[in-house]
Structure formats: structure tokens, C-alpha cells
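Residue-level structure breakdown
The residues making up each chain are set out below.
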Amino acid sequence: MAAPSHLVAAGKVVSIHYTLTDDAGVTIDSSQGGAPLAYLHGAGNIVPGLESGIAGRGIGDHFRVDVAPENGYGVRNPKGIDRVPRDAFPPDIELEPGMQFSAENERGDVVTTWIHSVEGDHVTIDLNHPLAGKTLHFQVTVAAIRDATREEMTHGHPHGPGGHHH
């Protein structure tokens, strides 16, 4: 049996307003004052713990979802930190801690890495997401729910109001 059209379920494009805080209550990210975040429920567009906490909710619902690292950005892997030569990066970019890059590993897979620090001719990179190992605290309000289009289901994410936006 399909979920009622007014509740969050797989195959729905859901728009939420959210505020993400850490254990100390410091705001990490928020949609407040801007457009809500739209995602395709069931497609892995948001961290699993948040997605499961939103399932079954309706428009206007306001609630808190606490997400353990295992259901968020994962636990920190100390083997994810590496030191590489500065010349592994484009020479015309000024590297700063927190910058994100995509690179190819030895197997040809594209991986995301963050700059941890820059010391002379060496750069310390971290393959762990900056929020890995952290419990995430979300305050969420469901702003809208609609059926996904066939194209959105095929692509695995919502498209903008005018159609296909990547």
C-alpha cells in the first residue's frame, strides 16, 4: 500500500527548513532565512539518520532529529589523514584549511578530500568528512511534500521549478 500523498515517504520530493547544531549547541548549518532544502526521499540525498527521522512526517511538522555518527557522516578513520606534496594541487590555487577537492585514487575512484593544513611544501589532507565522528542535532520543519516526477526518480534527485537543474 502506498503512503498517503501528504506524508513523507520514498518517491516524494520533500522540502525542509532545518538548523544543524553540534553537541555544544553551536549552529553548523541552517536554511533559515533562505529557501528550504529539497531532496528526493529514499534516494540517499541526505544523511540516513535524518532521512529516517523525517519519514512519515507531514507538512508543518516541527521536530528534532539526533543523528549518531554511524547514521550521519560516519565515524572518523585515522587512516584517512595523509600528507602530500603541495605540487599535487593546481599551482594557481591558494590552499586553505577546510577547502574541498575531488581527486582520483590509485584504483581510479573519485574521492573527496578536505585540506586539514598547509605547511611549506606539504599539505595534510583528510578523507574524513569534516562532520565525521560528530553527533548531528537537527531542528526540522517540513515545508512541502510532492510526488517526484518520473525524470526526478530516474535521476535520483529533485529538479528545480523550471525543470532539470544540475
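Scroll up to find the structure.
Everything in this summary refers to the structure shown in the same document. (Residues numbered from 1 in each chain as written. Predicted model: local features only at pLDDT ≥ 70, side-chain atom pairs only at ≥ 80, totals over all residues. Heavy atoms only, no water.)

**Re the nonpolar core**
Definition in use: Only buried residues count toward a nonpolar core. Its members are Ala, Val, Leu, Ile, Met, Phe, Trp, Tyr and Cys residues joined through side-chain atoms within 4.5 Å. Burial classification: accessible surface area is computed with a 1.4 Å probe over protein chains only, and a residue below 20% of its type maximum counts as buried, one above 50% as exposed, and the rest as partly exposed. In this description a helix means any DSSP run of H or I spanning at least four residues, a strand means any run of E spanning at least two, and both kinds are numbered starting from the N terminus. Here, residues are in contact when the closest pair of their heavy atoms is within 4.5 Å.
Among the nonpolar cores identified, the biggest contains 19 residues, and Ile16, Leu50, Ile54, Phe138 and Val140 are the most heavily contacted of them. For this core, the elements supplying multiple residues, two or more each, are strand E1 (12-21), helix H1 (48-54), strand E4 (62-67) and strand E9 (136-147). No other element matches the five residues that E9 contributes to this core. When neighbours within four sequence positions are excluded, Val140 is seen to be in contact with Ile16, His17, Tyr18, Leu50, Ile54, Asp61, His62 and Phe63.

**Let's talk about the sheet that holds strand E6 (residues 100-104)**
Spelled out, the test is: The pairing criterion for strands is at least two bridges between them, as found by DSSP. Every axis corresponds to a line fitted to the C-alpha atoms, with the helix fit spanning only the stretch in contact, and the corresponding angles, defined between N-to-C directions, vary from 0 to 180 degrees.
Across the sheet, four strands lie side by side as E5-E8-E7-E6; this open sheet has antiparallel pairing. Each edge of the open sheet carries a strand with a single partner, namely strand E5 (81-85) and E6. Across the sheet, the mean angle from the axis of one strand to that of its neighbour is 45°, orientation sign disregarded. Examined bridge by bridge, E5 and strand E8 (residues 122-126) share five bridges and lie antiparallel to one another. In the strand pairing of E8, Asp82 is matched with Ile125.

**Overview of the environment of Arg107**
Our working rule: N or O atoms within 3.5 Å of each other form a polar contact, as long as, within protein, one can give a hydrogen and the other can take it, and as long as residues adjacent in sequence are counted only when both atoms are side-chain atoms.
Within the secondary structure, Arg107 is located in the loop between E6 and strand E7 (110-119). By relative accessible area, which is 69% here, Arg107 ends up exposed. Side-chain polar atoms of Arg107 contact the side chain of Asp109, separated by 3.1 Å.

**Things to note about the packing of aromatic side chains**
As a reminder, the rule being used: Pairs were defined over the aromatic rings of Phe, Tyr and Trp, the Trp ring being its six-membered one, requiring ring centres within 6.5 Å. Orientation was assigned from the angle between planes: stacked under 30 degrees, edge-to-face over 60, tilted for the rest. Note on geometry: a ring has a charge over it if NZ (lysine) or CZ (arginine) is within 6 Å of the ring centre and within 35 degrees of the ring normal.
Going through the model one piece at a time under the given rule, you end up with two aromatic pairs. The interplanar angle of 70° and the centroid separation of 5.1 Å between the aromatic rings of Phe89 and Phe101 together place this pair among those described as edge-to-face. With Phe89 in the loop between E5 and E6 and Phe101 in strand E6, this residue pair connects regions lying twelve residues apart in the sequence. Comparing Phe89 with Phe101 shows no difference in burial state: the two are buried. In this structure, Arg57 packs its charged tip against the face of Phe63, placed 3.8 Å from the ring centre.

**Overview of the side chain of Ser15**
Here Ser15 shows up in strand E1. The exposure class assigned to Ser15 is buried, which follows from its relative accessible area of 14%. Apart from the residues within four sequence positions on either side, Ser15 is in contact with Pro36, Leu37, Ala38, Thr141, Val142, Ala143 and Ala144.

**Focus on the environment of Val140**
Following the sequence through the fold, Val140 ends up in strand E9. The class of Val140 is buried, set by a relative accessible area of 0%. In this structure the C-alpha to C-alpha distance between Val140 and Ile16, which are 124 residues apart in sequence, comes to 6.5 Å.

The analysis is restricted to geometry; functional conclusions fall outside its scope.
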